[in-house]
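Summary of structural features
If you want the building blocks of each chain, they are given just below.
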Amino acid sequence: MKILILGADGYLGWPTCLYFSQRGHEVVGIDNYFRRNATKELGSESLIPVPDLPQRVKIWEEITGKKIDVHIGDITDYEFLLNIFREFSPDAVIHYAEQPSAPYSMIDRDKAAFTLQNNLTSTLNIVYAVKETNPDCHIIKLGTMGEYGTPNIDIEEGWLEIEHKGRKDKFLFPRQAGSLYHTTKVQDTDMLWFYVRTWGLRVTDLMQGPVYGLSTEETDLDPQLMTIFNYDEVFGTVLNRFIVQAIAEYPLTIYGKGKQVRGFLNLKDTMQCAYLAATQPAKQGELRIFNQLTEPFSVNQLADKVKTVGDKLGYKVTLNSIENPRVEKEDHYYNVQYTGLLELGLEPHLLTDEILTGLFNIVSQYKDQINKKAIFKGIKWK
Ligand SMILES: NC(=O)c1ccc[n+]([C@@H]2O[C@H](COP(=O)([O-])OP(=O)(O)OC[C@H]3O[C@@H](n4cnc5c(N)ncnc54)[C@H](O)[C@@H]3O)[C@@H](O)[C@H]2O)c1
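It should be emphasised that the depicted structure is a prediction, and the values quoted were computed from it without experimental measurement.

**Regarding helix H12 (residues 353–364)**
- Counted at 1.5 Å a residue, the expected span for H12 with its 12 residues is 16 Å, and the 16 Å between its end C-alpha atoms agrees.
- Those residues of H12 that are buried lie in contact with helix H8 (238–247) and helix H10 (299–312).

Listed below in C-alpha cells is the structure:
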C-alpha cells in the first residue's frame, strides 16, 4: 500500500512510519515541526534528543535499507498538501497532524485560535485533497476518547441508536468535550461525517485514549530511531509523566481526587490499530468509528502502579494530590465499549509490571536530562 502519514515527526507519527515501512509499504511522511517548536517555546523539549526528520529517515534507510520520503511543510497550506496527494496518490492517509494537547489549547486565546484553525483546516484540506485526487483513498483520522467526555451512561463505539416517540435512528454518540482541543476533535468528527454523507468518502475515526510507552520493534533497533518523548504537563501523557516524575523523585502530580478514569493503550498497540485500520479499510460512504484503548485505569491506579514498580527499582516514589487545574469530573461513571479493533485482530500489550519496568529502564538512561522546572506549571482551565 501507499500510505501518507501526516504528523510524521510526532510521538505517534514517527513510529507509525517505521511500522508501515518495515512491513513493505511505501511511506511518505509530512510534518511542519509544530511540536518541536511549541515545546521549545514552553521550555519543555523532548527528554530524548531526536534528529530532524530527514536525518531520521536516513538513519532508518542505513539500518534497514528501506526508504521513507519526507516533506517538511504545513498541511493547512492546501496547495502544498494537494501537490503531495497528486504526486504520491496514496491508498490511505493517516492524519496525526494536529495540535494534540488539551492544556496547550487552554493557555490563552491565541493558542485556542491556533488549535481551532490548525486542527479543523488540516482535516478540511485532507477531505478536499482526497476528493480532488482520489475519492477512494481511505482517511484514517485520530480522534480521542475525550470527545465523549464522562457521561453517566455506557460509552458506545461511536454511534448510539435512539428511540424517540416511537421512532428509531442511529446518531453519533453524544459528545461533551472537556477542553477546546477536544472540542476541535468533536468538530473534526462532525465534519468528516458530513463529507462521508455528502461525497461518499471512506473514513475511519479512531477514538484513542492516552498512549504510554516508548518502545516499538522498529524504534528499538537504534537509539537514534526513538520517538519524541515529552514529560511536561502540556505535551506529556499522564503515565509517561508519572514515570519521569518517579525517576526524578518529584511527587507524582495527581489532579484532585485522582478518581478520573480514562482508557489507556501502549504505543505498540497504536501501531497495530493504525495498521489494522489501513489494511482492513472502511467502506466507501462509511464513517467507521473505533474506540482505541485496551484498559481503563483511574489516575490513582496508575500512580499506585508506578509507585509499586518504582519503589522496587529503588526510587523513592511519593504521591501528591494537587488542586485540579482542569475543569473535569473527579469521580464518575465510566464504562466503554471497545471491541471493534479486537475483532479486526488487535492483540493488546497490557500494562504489566514488566512493561512498566521496561519504561523505567529506558527513561532512567536520560535521568540527567530531566528538567524539573518543566514538569508542572499549572495551566488552569479558568
Ligand atoms: N498521544 C496520545 O496519547 C493521543 C491520544 C489521543 C489522540 N491523540 C491524537 O493523535 C494524534 C498524534 O498525537 P501525538 O501524540 O503523536 O502528537 P504529536 O504532536 O507528537 O504529533 C503530531 C505531529 O503533527 C505535526 N503537525 C501539527 N500540525 C501540523 C500541520 N499543520 N502541518 C504539518 N504537521 C503538523 C506536529 O509537528 C507533530 O509532529 C493527534 O491528532 C492527537 O490529538 C494522541
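**A few points about the packing of aromatic side chains**
- This model, assessed by the stated rule, comprises 16 aromatic pairs.
- Their ring planes at 45 degrees and their centres at 6.2 Å tell us that Phe264 and Phe297 sit as a pair that is tilted. On the criterion of sequence distance, the pair formed by Phe264 in strand E11 (residues 261–266) and Phe297 in strand E13 (residues 295–298) is long-range, its members being 33 residues apart. Phe297 carries the same exposure label as Phe264, and that label is buried.

**Some thoughts on the layout of surface pockets**
- In this structure, the second largest pocket encloses a volume near 220 Å³.
- Lining the second largest pocket are 13 residues; nearest its centre among them are Arg36, Thr39, Glu45, Ser46 and Val50.
- Grouping the amino acids of the lining of the second largest pocket by side-chain chemistry returns five nonpolar, four polar and four charged.

**Description of the environment of Asp190**
- Among the secondary structure elements, Asp190 is positioned in helix H7 (residues 180–199).
- Sequence separation between Asp190 and Ile3 is 187 residues, and the spatial gap between their C-alpha atoms is 24 Å.

**Some points on the sheet that holds E13**
- Spatial ordering of the open sheet is given by E9-E11-E13, a layout of three strands whose pairing is mixed. Each having just a single partner strand, strand E9 (211–212) and E13 make up the two edges of the open sheet.
- The pairing of E11 with E13 spans four bridges and is antiparallel. Across the sheet, Gly263 pairs through a bridge with Pro296, a residue of E13.
- Lying on the sheet, helix H9 (residues 267–279) is in contact with E9 and E11; it crosses E11 at an angle near 80 degrees.

**Quick word on the sheet that holds strand E2 (residues 26–31)**
- Taking strand neighbours across the sheet as the criterion, the seven strands line up as E3-E2-E1-E4-E5-E8-E12 in an open arrangement whose pairing is parallel. Edge positions in the sheet fall to strand E3 (68–72) and strand E12 (287–292), since each of these pairs with one other strand and no more. Between one strand and the next, the sheet's axes are offset by a mean angle of 20 degrees, whatever the strand orientation.
- The pairing of strand E5 (residues 138–144) with strand E8 (residues 202–208) spans seven bridges and is classified as parallel. Looking at E8, one finds that Ile139 is bridged to Val203.

**Side note on the site of the ligand**
- In the vicinity of the ligand lie 28 residues, with Tyr11, Asp31, Asn118, Tyr181 and Lys185 positioned nearest.
- In the environment of the ligand, a nitrogen atom lies 3.4 Å from a nitrogen or oxygen atom belonging to the backbone of Ala97.
- Mapped by element, the contributors of at least two residues to the shell around the ligand are helix H2 (34–42), E5 and H7.
- The class makeup of the residues in the shell around the ligand is 12 nonpolar, 10 polar and six charged.

Calculation criteria
Residues numbered from 1 in each chain as written. Predicted model: local features only at pLDDT ≥ 70, side-chain atom pairs only at ≥ 80, totals over all residues. Heavy atoms only, no water. Helix = DSSP H or I, 4+ residues; strand = E, 2+ residues; numbered from the N terminus. Expected span 1.5 Å × (residues − 1). Contact = heavy atoms within 4.5 Å. Phe/Tyr/Trp six-rings, centres within 6.5 Å; stacked < 30°, edge-to-face > 60°. Buried < 20%, exposed > 50% of the residue type's maximum accessible area, 1.4 Å probe, protein only. 1 Å grid on protein atoms, 1.4 Å probe; cavity = no way out; pocket = protein on both sides within 12 Å on 5 of 7 lines; lining within 4 Å. Points joined across faces, edges and corners; volume = space filled by probe spheres on them. Nonpolar A, V, L, I, M, F, W, Y, C, P; charged D, E, K, R; others polar. Pairing = 2+ DSSP bridges. Axes fitted to C-alpha atoms, helices over the stretch in contact; angles between N-to-C directions. Near = heavy atom within 4 Å. Polar contact = N/O pair within 3.5 Å; in protein donor to acceptor, adjacent residues only side chain to side chain.

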